[in-house]
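Architecture and fold: a report
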Amino acid sequence: MDRRYRRPPLKRWNGWGSNDIDYPVPASALAYLVEALGSSQPGPSASLETIVKRIPPSRLPDHPLISTDPEMRLRHSRGHSLPDWIALRFGSLDRFPDGVARPASEEEVKNSFAFAKETGAWLIPYGGGTSVVGHINPPPVDHPYLTISLERMRRMTKIDETNRVAAFEAGVTGPHLEAQLRARGYALGHFPQSFEYSTLGGWIATRSSGQQSLYYGRIEDLFAGGRMISPAGVLDLPPFPASAAGPDLRQAVLGSEGRLGIITNALVRVSPLPQIERFHGLFFPSFDRGVAAIKEMAQSKLQLSMLRLSDSLETNTSLVLTGNERMIRMLNGLLRVRGLKERDEKCMLFLGLTRARGLARKTRRIALDIAREHGGVHVGRKMGSEWRRSRFKTPYLRNTLWDLGYAVDTLETALTWTALPSALDAVLKALREGLEDRGERVLAFSHVSHVYATGASVYVTFLFRIASGAGETLLRWQKLKTEASRAIAAHGGTISHQHGVGLDHLPWLEAEKGRLGLRALAALARAFDPDGIMNPGKLIEIHKPK
Ligand SMILES: Cc1cc2nc3c(=O)[nH]c(=O)nc-3n(C[C@H](O)[C@H](O)[C@H](O)COP(=O)(O)OP(=O)(O)OC[C@H]3O[C@@H](n4cnc5c(N)ncnc54)[C@H](O)[C@@H]3O)c2cc1C
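Only a predicted model underlies this, so the values are computations on that prediction, with no experimental measurement involved.

Glancing now at the overall build of the protein chain. Broken down by element type, the protein chain carries 19 helices and 18 strands. Relative to its length of 546 residues, the protein chain is compact, with a C-alpha radius of gyration of 23 Å against a globular reference of 24 Å. If one aligns the C-alpha atoms of the protein chain with their principal axes, the spans along those axes are about 75 × 60 × 50 Å. Within the protein chain, the fraction of its 546 residues that count as buried is 57%. Long-range contacts, defined as pairs at least 24 residues apart, comprise 76% of the intrachain contacts of the protein chain with a sequence gap of at least 6. Surface accessibility of the protein chain: about 23,500 Å² in total, with carbon and sulfur atoms responsible for 52%. Here the protein chain contributes 72 positively and 55 negatively charged side chains, and the mean placements of these two sets differ by 6 Å.

Here it is, written out as structure tokens:
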């Protein structure tokens, strides 16, 4: 193992990330929240011991590979969707896997399948457990469940420098994967915000997208092949540079959400470490003008690594959260001098450059010229460097906000450039007005996070007050999620650009895939998993074997 890699400290069982890291909010930010949403009571926090005591005995027989320890079962029972948080924090969860297997080799994965066959258990593949749509939760069907965590399968097994392909066991997390590659002068460059805890297998199984996908590509561009073990047998996917030999089965494994089998080994396309990795900050006088600029950059095929444009409310909220009033005053002064007006709805753009030195300079010049034509003001690299430094720390805010009494969730979609403005307006309206009947306000803001020649993804964050009971808090979330999802579907957006389907997006899938499409997916699942034991209820309705 590379010596520079340090294992992350123990994970919180009911919140984001390491027990050792906090993200306090400054007093000015709390005042801002109270102004926007009203004051709130601290969110509840059930104790680990109370929940562990309530866990029913396991329905699985003893096996050397399997732990039935209640705490282990609790720690693998939920991901990071808001319903997961509500269940964990209120202590209202009632479904747990009956056991957790942690295989260290493909042989042990196969043994887990044999165990499932003998005992009739259903299997839930588990990477880092960072799913935000209910991927790894036992569904509400009374049946023994065995979670298979790949956390012990995390080695780089091969690097082929000539063909720039590396092979990894699929349970490797982001930092460990990059550390092993960096030691050889390479990078994968897949940086979802959950990077520190999510795994290569999870990225493939959810069709994940990293923050610098504009340069490195989404996971479907990086996943070259590998091995998936399914109840029906082993699928090997050779790493062809390209192939016209019929439909690409890699694409079936990508986004398979544990329904087809367990990805044990993945071959990924790697790049030499970049000479330059920089993030520039810019401000636009309005969201529309910012969108026009990034659209032109995307369509000019400028090789940037990231374009992330916040709307004016997200821009303002991010600045307030820094608590640095002096910096905000200086920034506003600078923007005034450079031509932005006080009344402008300022929108912040982070522009990433990941390249060889000479190319980066040229790309930067063209990008800044385009920005200027759309009224953009370049404020240098300081804010971009700060964003980069804290990019994996922002999720810790969820812990702090919960403790202050505010629930926070996100949703995302991808739309054509034509559909984007009206769709985004409709989603934000649905969220902001969604709890009016309950006399509650919602703070909702967004950014465009991944751009393509034909359109872009938008990522929406929304906050509301936690109610005194789990049921009412969940109802508030359900109402907001349903209304926002309806607006996405009505405006031609996909139900997910990067988070996947899981349990939460399943009701919206038919609108996108059609009946025939869903039947084809179910048939594919039956081919790999004839008895329907793999991650039932996610992505595809639970299927009954014939
Ligand atoms: C704070 C936060 C930020 C996030 N940011 C992003 C982001 O920027 N971009 C993004 O795309 N997503 C993001 N996500 C969502 C999540 O991190 C991704 O969906 C991620 O790909 C899940 O990986 P995981 O290893 O945690 O998988 P899990 O959550 O453990 O599993 C997800 C699904 O994959 C299946 N699975 C996992 N491993 C395997 C395997 N080896 N074989 C077969 N199936 C498997 C599981 O059965 C399940 O269906 C974020 C989540 C959080 C909580």
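The rest of the description comes next.
Around the ligand sit 35 residues in total, of which Pro125, Gly127, Thr130, Ser194 and Thr199 are the nearest. Contact between the ligand and glycine 127: an oxygen atom at 2.7 Å from a main-chain N or O atom of the residue. Contact between the ligand and threonine 130: an oxygen atom at 2.6 Å from a side-chain N or O atom of the residue. A total of five residues in the shell around the ligand trace back to one element, the largest contributor, which is helix α7 (residues 200-206). Across the shell around the ligand, the residue classes break down as 13 nonpolar, 21 polar and one charged.

Judged from the five bridges that link them, strand β8 (residues 223-230) and strand β9 (residues 233-237) form a sheet pairing that is antiparallel. Across the sheet, the residue bridging to isoleucine 229 is valine 234, located in β9.

Now for the side chain of serine 112. Structurally, serine 112 is set in helix α5 (residues 106-119). Residue serine 112 is classed as buried on the basis of its relative accessible area, which comes to 2%. Once residues lying within four places of it in the same chain are set aside, the contact partners of serine 112 are Leu65, Ala101 and Ile148.

Two elements in contact, helix α11 (residues 287-299) and helix α14 (residues 357-373), have axes separated by 9 Å at closest approach and are oriented at 145 degrees. For the pair α11 and α14, the crossing hand works out as right-handed. Contact residues: Arg289, Ala293, Glu296 and Met297 in α11; Ala367, Ile370, Ala371 and Glu373 in α14. Of the residues in the contact of α11 with α14, the class split is five nonpolar, no polar and three charged.

With that settled, the discussion passes to the nonpolar core. With 63 residues, the main nonpolar core has Leu146, Phe168, Leu181, Leu200 and Ile204 as its most contacted residues. Ignoring anything within four residues of it in the chain, the contact list for leucine 200 reads Phe168, Ala170, Val172, Leu177, Ile219, Ala266 and Val268. Counting 57 residues, the second largest nonpolar core, distinct from the first, contains Phe284, Ile294, Leu415 and Ala419.

One non-glycine residue, glutamate 257, adopts positive backbone phi at about 50 degrees. Position of glutamate 257 relative to the elements: it lies in the loop between α10 (249-253) and β10 (262-269). The exposure class assigned to glutamate 257 is buried, which follows from its relative accessible area of 5%. Even without a glycine there, the phi angle at lysine 301 is positive, about 55 degrees.

A few words now on empty space enclosed by the protein. Inspection of every chain in the model, using the stated rule, returns two cavities of 30 Å³ or more. Taken together, Val132, Val133, Asp409, Thr410, Leu411, Trp477, Lys481, His499, Asp504 and His505 make up the lining of the largest cavity. When contributions to the lining of the largest cavity are tallied by element, the ones reaching two or more residues are β16 (406-416) and α18 (470-490). Broken down by class, the residue content of the lining of the largest cavity amounts to four nonpolar, three polar and three charged. Estimates place the volume of the second largest cavity at around 30 Å³. Taken together, Leu411, Glu412, Lys481, Ser485, Ile488, Ile495 and His505 form the lining of the second largest cavity. Ranked by residue count, the leading element in the lining of the second largest cavity is α18, at three residues. Here the lining of the second largest cavity is composed, by residue class, of three nonpolar, two polar and two charged.

Moving on to the sheet that holds strand β15 (residues 377-380). Taken in spatial order, the seven strands of this open sheet run β15-β12-β14-β13-β17-β18-β16, and their pairing is antiparallel. Each having just a single partner strand, β15 and β16 make up the two edges of the open sheet. Ignoring which end each strand starts from, the neighbouring axes of this sheet average 20 degrees apart. Here strand β12 (residues 276-284) pairs with strand β14 (residues 347-355) via nine bridges, running antiparallel. Note that in β14 the partner of phenylalanine 279 across the bridge is glycine 352. Sheet strands touched by α14: β12, β14 and β15. Its angle to β14, the strand with the most contacts, is close to 160 degrees. Strands β16 and β18 (455-465) of the sheet are contacted by helix α16 (residues 397-404), whose axis makes an angle of about 135 degrees with β16.

Looking now at the packing of aromatic side chains. Scanning the entire structure with this criterion turns up ten aromatic pairs. Seen in terms of ring centroids, phenylalanine 90 and tryptophan 402 are 6.1 Å apart; in terms of plane orientation they differ by 85 degrees. Their pairing is edge-to-face. Taken together, the residues span a long stretch of sequence, with phenylalanine 90 in helix α4 (residues 82-90) and tryptophan 402 in helix α16 at a distance of 312 residues. Like phenylalanine 90, the residue tryptophan 402 is buried in the burial classification.

Inspection of the secondary structure assignment puts tyrosine 126 in strand β3 (residues 122-126). Overall, tyrosine 126 belongs to the buried group, its relative accessible area being 6%. Ignoring anything within four residues of it in the chain, the contact list for tyrosine 126 reads Lys11, Arg75, His76, Ile136, Thr147, Ile148, Ser149 and Leu150.

With that out of the way, let us pick up the packing of helix α1 (residues 27-37) against helix α12 (residues 312-322). For the pair α1 and α12, the least separation of the axes is 8 Å and the interaxial angle reads 140 degrees. In terms of orientation, α1 lies oblique with respect to α12. The segment α1 lies against α12, with Ser28, Ala29 and Tyr32 engaging Leu313, Asn316, Thr317, Val320 and Leu321. Split by residue class, the contact of α1 with α12 holds five nonpolar, three polar and no charged.

Now for the side chain of lysine 481. Among the structural elements, lysine 481 can be located in helix α18. Ignoring anything within four residues of it in the chain, the contact list for lysine 481 reads Leu411 and His505.

Basis of the calculations
- Residues numbered from 1 in each chain as written.
- Predicted model: local features only at pLDDT ≥ 70, side-chain atom pairs only at ≥ 80, totals over all residues.
- Heavy atoms only, no water.
- Helix = DSSP H or I, 4+ residues; strand = E, 2+ residues; numbered from the N terminus.
- Rg over C-alpha atoms; globule rule 2.2 N^0.38 Å.
- Buried < 20%, exposed > 50% of the residue type's maximum accessible area, 1.4 Å probe, protein only.
- Contact = heavy atoms within 4.5 Å.
- Areas by Shrake-Rupley, 256 points an atom, 1.4 Å probe, with all protein chains shown as cover.
- Lys, Arg positive; Asp, Glu negative; His and termini not counted.
- Charge placed at Lys NZ, Arg CZ, Asp CG, Glu CD.
- Near = heavy atom within 4 Å.
- Polar contact = N/O pair within 3.5 Å; in protein donor to acceptor, adjacent residues only side chain to side chain.
- Nonpolar A, V, L, I, M, F, W, Y, C, P; charged D, E, K, R; others polar.
- Pairing = 2+ DSSP bridges.
- Axes fitted to C-alpha atoms, helices over the stretch in contact; angles between N-to-C directions.
- Left-handed = near helix turned anticlockwise from the far one by under 90°.
- Core = buried A, V, L, I, M, F, W, Y, C linked by side-chain atoms within 4.5 Å.
- 1 Å grid on protein atoms, 1.4 Å probe; cavity = no way out; pocket = protein on both sides within 12 Å on 5 of 7 lines; lining within 4 Å.
- Points joined across faces, edges and corners; volume = space filled by probe spheres on them.
- Phe/Tyr/Trp six-rings, centres within 6.5 Å; stacked < 30°, edge-to-face > 60°.
- Parallel < 35°, antiparallel > 145°, perpendicular 65-115°, else oblique.

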